[in-house]
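Structural characterization, general
The primary structure of each chain is shown beneath.
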There are 4 protein chains.
Amino acid sequence: MAHSRQIGIGIIGGGYMGKAHAVAMQAVGPVFDPKLRPRCEMIATTSAAGAADKARHFGFLRSTGDWRELVADPKVEAVVIASPQGTHQEIALAAFALGKPVFCEKPLGRNLAESRAMLAAAEASGVVHMTGFNYIRTPASQLARQIVAAGEIGEITYFRGEHTEDFLADPATPVSWRCHGRAHGAMGDLAPHMLNGALALAGPIHALIADIETVHRQRPGPDGPEEVTNDDQGHLLCRFESGAMGALHFSRVATGRKMGYAYEITGTKGAIRFDQEDQNALWLYQGSARADRQGFTKILTGPDHPDYLPFCQGPGHGTGYQDQIIIEARDFLHAIETGQPVWPTFADGMRVNQLVEAAFRSASGQCWIDVATV
Amino acid sequence: MAHSRQIGIGIIGGGYMGKAHAVAMQAVGPVFDPKLRPRCEMIATTSAAGAADKARHFGFLRSTGDWRELVADPKVEAVVIASPQGTHQEIALAAFALGKPVFCEKPLGRNLAESRAMLAAAEASGVVHMTGFNYIRTPASQLARQIVAAGEIGEITYFRGEHTEDFLADPATPVSWRCHGRAHGAMGDLAPHMLNGALALAGPIHALIADIETVHRQRPGPDGPEEVTNDDQGHLLCRFESGAMGALHFSRVATGRKMGYAYEITGTKGAIRFDQEDQNALWLYQGSARADRQGFTKILTGPDHPDYLPFCQGPGHGTGYQDQIIIEARDFLHAIETGQPVWPTFADGMRVNQLVEAAFRSASGQCWIDVATV
Amino acid sequence: MAHSRQIGIGIIGGGYMGKAHAVAMQAVGPVFDPKLRPRCEMIATTSAAGAADKARHFGFLRSTGDWRELVADPKVEAVVIASPQGTHQEIALAAFALGKPVFCEKPLGRNLAESRAMLAAAEASGVVHMTGFNYIRTPASQLARQIVAAGEIGEITYFRGEHTEDFLADPATPVSWRCHGRAHGAMGDLAPHMLNGALALAGPIHALIADIETVHRQRPGPDGPEEVTNDDQGHLLCRFESGAMGALHFSRVATGRKMGYAYEITGTKGAIRFDQEDQNALWLYQGSARADRQGFTKILTGPDHPDYLPFCQGPGHGTGYQDQIIIEARDFLHAIETGQPVWPTFADGMRVNQLVEAAFRSASGQCWIDVATV
Amino acid sequence: MAHSRQIGIGIIGGGYMGKAHAVAMQAVGPVFDPKLRPRCEMIATTSAAGAADKARHFGFLRSTGDWRELVADPKVEAVVIASPQGTHQEIALAAFALGKPVFCEKPLGRNLAESRAMLAAAEASGVVHMTGFNYIRTPASQLARQIVAAGEIGEITYFRGEHTEDFLADPATPVSWRCHGRAHGAMGDLAPHMLNGALALAGPIHALIADIETVHRQRPGPDGPEEVTNDDQGHLLCRFESGAMGALHFSRVATGRKMGYAYEITGTKGAIRFDQEDQNALWLYQGSARADRQGFTKILTGPDHPDYLPFCQGPGHGTGYQDQIIIEARDFLHAIETGQPVWPTFADGMRVNQLVEAAFRSASGQCWIDVATV
């Protein structure tokens with residue numbers, strides 16, 4: 001029997017996210033049976049030896065210590081960028097120049113200018129481009145989007161979102177690369193997921209005012225205390241274009257929070273609550289229920305919800321982090337196969353950078369800022 | 001056998017809060033065995049007949065349709081103000097003029113000016129004055145205050161608070177007195193509890209920026225749509241004097257929220273979470289726990305926690321709304337007996353009005369505001 | 001102004017439960033405005049001096065160190081028995097002999113024989129008799145009963161109940177009176193509440209098989225280790241007369257459980273979950289909801305639910321342990337006023353003792369037992 | 001660079017579980033980097049065409065409509081049995097006869113006799129044998145086992161377990177193959193997971209008494225009502241060899257329960273709670289905590305816990321159902337590579353069948369039964 005059509009995939013990056021995408025490319029076929037199947041062609045890391053080991057580990061055919069080689073390789077037909085943020089722009093532009101579809105991890109560029117350049121290149125190339133916002137792809141958050149879109153909770157009147165973790169909560173945690181560069185701070189690195197989530201769930205943000213700070217300004221270094229030069233936490237008030245009010249909070253010093261990607265959406269007819277720490281449940285309040293039976297319903301995701309069944313037939317049996325990446329792979333492949341744009345594109349990735357930029361400007365000027373002016 | 005020393009109590013107001021205080025005055029003796037015992041002397045409502053019925057219902061000796069009569073009555077030795085906000089100032093000033101201790105429901109005055117006048121009169125009188133912020137008096141929230149004060153969660157780095165309910169979430173709910181007057185809006189009426197909570201838990205607020213709005217600008221009236229002239233929801237970013245960042249949200253249109261007096265306190269060494277909808281639990285994260293046993297601990301209040309044992313010997317058996325009012329009555333009586341000020345005094349009530357005023361000014365000017373300048 | 005009709009109440013017992021009933025008698029008037037009002041006439045404890053102090057503390061007019069005096073006093077028109085279990089029968093019989101209504105704390109008698117004798121005396125007297133099962137009177141559990149009775153969850157197919165606490169979980173806890181006598185063990189003292197709950201929620205129990213044990217057979221005494229002569233935990237499988245299967249568990253050594261009065265009721269159309277540790281919430285699953293919106297709904301009790309509004313106008317604001325006792329007082333007074341029996345009567349109390357007796361016989365014989373034969 | 005050593009895997013079964021194991025075999029390499037790597041050699045289903053399609057979908061090299069061909073194929077070096085229970089014995093015996101390691105889904109055999117025969121064949125073959133109990137392999141349940149084994153909760157005094165779902169709760173659900181044959185009933189099909197869990201967490205079970213029933217005795221068939229000939233639910237009391245009491249419940253008619261694999265373990269020093277519906281959290285109560293800070297701690301699984309890190313670096317980011325199967329694949333491969341037995345072997349699978357058999361005998365005789373006599 002003829003196999004499905006294949007496409008050679010090249011992944012750049014052999015760390016945490018490189019591995020996640022490698023697993024996803026190996027699993028997406030058996031999980032989703034996509035028409036276009038990935039062939040794990042090549043992986044690039046920063047050294048030839050390291051890349052070879054990753055290729056062996058992840059089951060890739062070839063490897064390289066030079067991402068340029070990967071991008072240029074004729075058997076690499078699509079590129080997944082899972083390398084540090086500082087490399088995203090250069091790689092993406094090189095791939096687009098060769099007409100190769102690109103999946104790029106968030107945040108798209110290190111800053112708004114880079115993201116705009118990447119978007120321009122993507123659009124000029126005419127090929128598929130996709131940004132990696134995985135958390136919004138859980139069955140639960142996809143369900144939330146469906147409920148909102150169907151008007152089940154009415155008009156949104158308030159949106160509260162956060163992405164809070166505590167990996168730098170302890171001031172005794174030594175300084176590292178995470179402590180330098182805006183792109184690695186709470187606003188640059190954590191905020192993008194929930195900013196994208198806010199846009200996906202409540203629509204475009206019109207204006208905002210932000211406050212951003214470095215809580216622990218010094219951390220132990222090898223030779224004594226060193227300065228931390230980026231932010232530990234930030235938060236903002238905003239207005240969506242719909243008129244809804246919003247509040248967002250991002251932190252890497254939120255003691256006790258491990259995966260605080262969480263939101264509450266209040267509407268005129270209902271409300272939704274979600275917390276990634278219990279990612280298989282969505283809480284829904286339906287104002288139409290009879291008064292003495294009202295309350296938040298804990299909906300356990302299952303085969304009746306988006307993208308759940310391919311992972312499991314039983315409701316409540318649960319999906320996990322890795323499954324989100326497999327869903328992304330399915331969407332990337334489908335976009336390439338059909339030539340249709342896939343949400344979130346680089347435009348969506350750029351809009352998140354725009355909001356981060358707006359937040360920094362607002363915090364600096366201590367004033368409301370119109371996002372469109374950024 | 002000699003009974004305890006008694007004091008004649010007069011309650012002004014026969015509605016929801018008047019009843020709560022009447023029950024509290026009947027129950028506080030058997031619950032707490034205070035040295036100074038209340039004698040339920042007189043109740044005042046807006047009509048002689050109504051007051052007489054309330055006196056019968058609540059077990060008060062006498063009644064009046066004129067609060068002035070109550071205040072002036074020589075057997076009324078302390079006054080509880082549980083009448084509409086517009087009456088607070090006049091009553092309090094009359095009581096203080098006669099040297100009678102006053103317990104006044106929140107919000108103290110309709111606005112900052114009134115609250116300042118009330119505080120001045122209170123201080124001039126030299127008698128006990130107390131503001132009714134009941135939610136912060138649950139065993140769980142008292143425990144939270146103890147934990148913070150003991151430094152168990154380290155320095156506070158973030159405070160998030162809300163007081164959200166949904167009694168006006170439905171735009172079809174008819175217009176009422178709640179829809180007019182700043183003192184009856186979300187900021188005027190709901191915010192004070194959590195503003196006081198924020199001050200009690202995280203200390204003074206230095207500066208803030210707020211956004212406030214009326215979500216449903218018209219509601220059905222007897223003769224067609226009518227304007228709503230006060231706010232449905234508001235929120236703000238703030239900085240505490242400690243430097244900690246804070247965010248607060250207040251709403252009467254928070255669909256699904258019934259008693260959303262809730263807070264999260266993040267510190268350098270731990271964190272606390274509380275939601276009044278499950279008022280008998282406090283969630284505590286202790287960063288000092290070994291890494292693979294860390295998490296939020298759900299502490300059920302019990303006899304080991306503040307003000308629980310007099311209500312019940314068994315942990316987890318639970319206290320409720322009415323019990324908070326009984327705790328207030330105990331504190332008011334104790335303050336009168338000892339002549340010592342009782343937290344929260346009118347000064348604490350005034351500070352809450354100051355924050356509400358600051359929030360309105362900030363929202364109007366769309367800028368950060370230094371609270372001390374208000 | 002005419003006061004409501006009064007009845008002189010005598011309470012026997014000045015401990016935990018005596019206090020709870022004393023507070024309830026002081027508060028029930030202002031809370032519920034019953035037609036028949038209690039007059040706190042007399043309290044009896046085991047010493048005249050102690051009783052006098054309790055009378056002062058609880059606000060009772062008179063006191064005695066001899067319960068017989070209280071029962072015989074002509075101004076004591078109804079008797080509340082809140083003294084140790086060993087005294088219940090004698091007091092109740094004395095009160096009934098004088099035609100005085102009796103409220104008796106659970107468990108009714110120390111054993112089935114006593115309870116039957118008490119029931120016989122109660123029925124012979126023709127006056128009101130009531131057993132104190134307070135937990136089933138929360139608004140949430142009353143709502144559960146309504147939901148079941150209305151057929152909202154269909155036919156019950158499974159009932160799981162427990163009453164688990166941990167006050168003797170630590171084997172180092174010294175021996176006390178709780179460690180001797182069947183009536184003070186887990187089956188005698190804790191089981192009655194949930195046995196009554198099971199009967200109230202799922203109907204009569206037809207047959208059962210039980211296992212009962214003493215986990216910690218010795219505890220420290222003043223002069224070295226002492227034997228524990230009653231049970232620490234027990235559990236049973238049962239069949240209700242409806243055919244439904246049931247499982248019940250009772251323990252005083254359930255480490256971590258503070259107030260584990262909890263049940264799950266599974267029906268053909270829905271299900272209910274409740275845990276007294278969060279007594280203001282009832283979890284309801286409605287099978288009729290559309291498939292992709294199903295889940296357990298957390299209903300916060302409020303004014304739309306039974307016996308909530310008199311305590312508070314706001315949903316989610318919560319009632320507590322003491323409020324349950326006030327609800328009992330209201331029912332006792334109402335029964336006396338109307339002459340109508342009040343659930344749970346002594347017959348209901350006796351049925352609980354019958355189940356405890358059946359459980360011990362079953363455990364002893366290691367066999368199923370038909371409850372009707374006990 | 002040399003690839004790792006490979007082993008040819010044959011999977012029998014192309015349904016729900018066949019797919020899960022196929023995905024696992026594709027993903028286990030990149031996830032865990034095992035020394036022995038699976039080569040997805042062949043898949044067998046009941047038709048050649050169907051198998052060919054599954055091979056294409058799942059990425060297997062070859063396929064067959066006859067499992068015998070797969071077992072006999074020299075390139076198939078290990079066999080995964082994911083076909084219906086009625087086929088397990090014959091396949092396993094054929095594989096063992098050829099000296100091929102076998103992973104067999106639960107329940108091992110249709111009954112105790114089959115399981116014993118399978119175990120005997122496994123032991124005679126000297127090759128690796130493993131039973132598929134996936135739920136106990138979550139990071140959370142592995143952590144529970146560690147905590148118990150380390151004595152952190154002291155001696156176990158009570159174990160409560162359930163595996164409850166509601167896929168047949170509605171009596172209108174049509175009759176199917178699930179409605180016939182003991183092996184497909186609640187006791188035969190659902191109970192094994194939690195029976196295995198109970199053994200893993202609390203040790204061997206000494207004696208039990210069970211009650212089992214068919215709740216809905218008829219279901220719609222194509223030509224009218226048809227009989228249901230196996231059980232809908234069962235439950236049992238038991239004693240572990242340690243002396244601990246236990247209670248277990250299994251149901252396919254537990255309305256509202258989607259993945260009710262849940263347990264509570266009470267010990268003398270602490271307690272554990274777990275529910276598969278929130279599989280990324282383990283609740284731990286530590287009796288050693290100071291009295292006023294005690295409570296159940298919600299531990300979110302993370303890199304500090306067993307088998308989590310290979311899926312994700314971030315705590316609280318979560319694993320899901322499919323990941324459990326990948327963990328099983330890792331263990332199966334590791335056992336083959338090292339020649340060391342892997343828990344749970346066929347002996348563990350047999351012990352579960354023994355308990356099921358004991359439960360049926362107990363229910364039939366309405367008496368306690370010594371498991372060793374079965």
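Bear in mind that the values here come from a model prediction, so they are computed numbers and not experimental data.

Observations concerning the overall build of chain A
- Helix and strand counts for chain A stand at nine helices and 17 strands.
- Projected onto its principal axes, the C-alpha coordinates of chain A cover approximately 60 × 60 × 40 Å.
- Here chain A holds 374 residues, and the buried ones make up 68% of them.
- Restricting the contact set of chain A to residue pairs at least 6 apart, pairs at least 24 apart contribute 68%.
- Element-wise, carbon and sulfur atoms account for 52% of the exposed surface of chain A, whose accessible area totals about 11900 Å².
- Each charge sign in chain A was given a centre, from 33 positive and 40 negative side chains, and these centres are 3 Å apart.

A short note on the interface of chain A and chain D
- At the junction of the two partners, chain A supplies 44 residues and chain D supplies 44 residues.
- Taking both sides of the interface into account, the surface hidden between chain A and chain D amounts to around 3700 Å²; carbon and sulfur atoms contribute 55%.
- For the chain A face of the interface with chain D, the top three residues by lost area are Pro30, Arg56 and His317 of chain A, together amounting to 19%.
- Summed over the shared surface of chain A and chain D, the number is two salt bridges.
- For the pair chain A and chain D, the interface holds 18 residue pairs in polar contact (both at pLDDT 80 or more).
- For the side of chain A that touches chain D, the elements supplying multiple residues, two or more each, are helix 1 (16–32), helix 2 (48–58) and helix 8 (321–338) of chain A.
- With nine residues, the single largest contributor to the side of chain A that touches chain D is helix 1 of chain A.
- Residues belonging to the side of chain A that touches chain D are distributed by class as follows: 19 nonpolar, 15 polar and 10 charged.

Notes on the pattern of salt bridges
- Considering all chains together, one arrives at 128 salt bridges over all chains under this definition.
- A salt bridge links Lys298 of chain B to Asp278 of chain B, with the shortest nitrogen-to-oxygen separation between them at 3.7 Å. A residue pair is termed long-range when its members are at least 10 positions apart, and Lys298 of chain B in strand 16 (residues 296–300) and Asp278 of chain B in the loop between strand 14 (270–275) and strand 15 (281–286) qualify at 20 residues.
- Here Asp278 of chain B falls in the buried class, since its relative accessible area comes to 12%.
- A salt bridge links Arg257 of chain D to Glu277 of chain D, with the shortest nitrogen-to-oxygen separation between them at 3.1 Å. One end of the pair, Arg257 of chain D, is in the loop between strand 12 (245–251) and strand 13 (260–267); the other, Glu277 of chain D, is in the loop between strand 14 (270–275) and strand 15 (281–286), with 20 residues separating them in the sequence.
- On the basis of relative accessibility, which here comes to 5%, the residue Arg257 of chain D falls in the buried class.
- Overall, Glu277 of chain D belongs to the buried group, its relative accessible area being 13%.

Quick notes on the sheet that holds strand 5 (residues 102–105) of chain A
Residue and element names in this part refer to chain A.
- Spatial ordering of the open sheet is given by 3-2-1-4-5-6, a layout of six strands whose pairing is parallel. A strand with exactly one partner marks an edge of an open sheet, and here the two such strands are strand 3 (62–64) and strand 6 (129–132). For this sheet the average axis-to-axis angle between neighbouring strands, irrespective of direction, equals 25°.
- Strand direction decides the pairing type here: strand 4 (residues 78–81) and strand 5, joined by three bridges, are parallel.

Considerations on the interface of chain D and chain C
- Listed per partner, the contact involves 42 residues of chain D and 42 residues of chain C.
- Approximately 3100 Å² of surface area, both sides summed, lies buried where chain D meets chain C, with 56% of it carried by carbon and sulfur atoms.
- The three residues of chain D that bury the most area against chain C are His235, Met245 and Thr255 of chain D, which together make up 19% of that side's buried surface.
- Our count for the chain D to chain C interface comes out at four salt bridges.
- There are 12 residue pairs in polar contact (both at pLDDT 80 or more) connecting chain D and chain C.
- Of all elements in the fold, only strand 7 (156–164), strand 8 (205–213), strand 11 (233–240), strand 12, strand 13 and strand 14 of chain D reach the threshold of two or more residues within the side of chain D that touches chain C.
- Residue contributions to the side of chain D that touches chain C peak at six residues, all from strand 11 of chain D.
- When grouped by side-chain class, the residues that make up the side of chain D that touches chain C number 16 nonpolar, 16 polar and 10 charged.

Some words on the domain arrangement of chain A
All names here are of chain A.
- Domains assigned within chain A are domain 1 (5–133) and domain 2 (136–344 + 350–365).
- Of note, the centres of domain 1 and domain 2, computed from C-alpha atoms alone, are 24 Å apart.
- Contact residues are listed per partner, giving 42 residues for domain 1 and 35 residues for domain 2.
- For the pair domain 1 and domain 2, the two sides together bury roughly 3200 Å², of which 72% comes from carbon and sulfur.
- The largest share of the area that domain 1 buries against domain 2 comes from Phe32, Met130 and Phe133, three residues that together contribute 25% of it.
- The interface formed by domain 1 and domain 2 contains eight residue pairs in polar contact (both at pLDDT 80 or more).
- For the side of domain 1 that touches domain 2, the secondary-structure elements that each account for two or more residues are strand 1 (5–12), helix 1, strand 2 (36–44), strand 4, strand 5, helix 5 (112–125) and strand 6.
- At 11 residues, the largest contribution of residues to the side of domain 1 that touches domain 2 is made by helix 1.
- Grouping the constituent residues of the side of domain 1 that touches domain 2 by class yields 28 nonpolar, eight polar and six charged.

Calculation rules
Residues numbered from 1 in each chain as written. Chains lettered and ligands numbered in written order. Predicted model: local features only at pLDDT ≥ 70, side-chain atom pairs only at ≥ 80, totals over all residues. Heavy atoms only, no water. Helix = DSSP H or I, 4+ residues; strand = E, 2+ residues; numbered from the N terminus. Buried < 20%, exposed > 50% of the residue type's maximum accessible area, 1.4 Å probe, protein only. Contact = heavy atoms within 4.5 Å. Areas by Shrake-Rupley, 256 points an atom, 1.4 Å probe, with all protein chains shown as cover. Lys, Arg positive; Asp, Glu negative; His and termini not counted. Charge placed at Lys NZ, Arg CZ, Asp CG, Glu CD. Buried area = accessible area lost by both parts, 1.4 Å probe. Salt bridge = Lys/Arg side-chain N within 4 Å of Asp/Glu carboxyl O. Polar contact = N/O pair within 3.5 Å; in protein donor to acceptor, adjacent residues only side chain to side chain. Nonpolar A, V, L, I, M, F, W, Y, C, P; charged D, E, K, R; others polar. Pairing = 2+ DSSP bridges. Axes fitted to C-alpha atoms, helices over the stretch in contact; angles between N-to-C directions. Domains from an automatic or database assignment.

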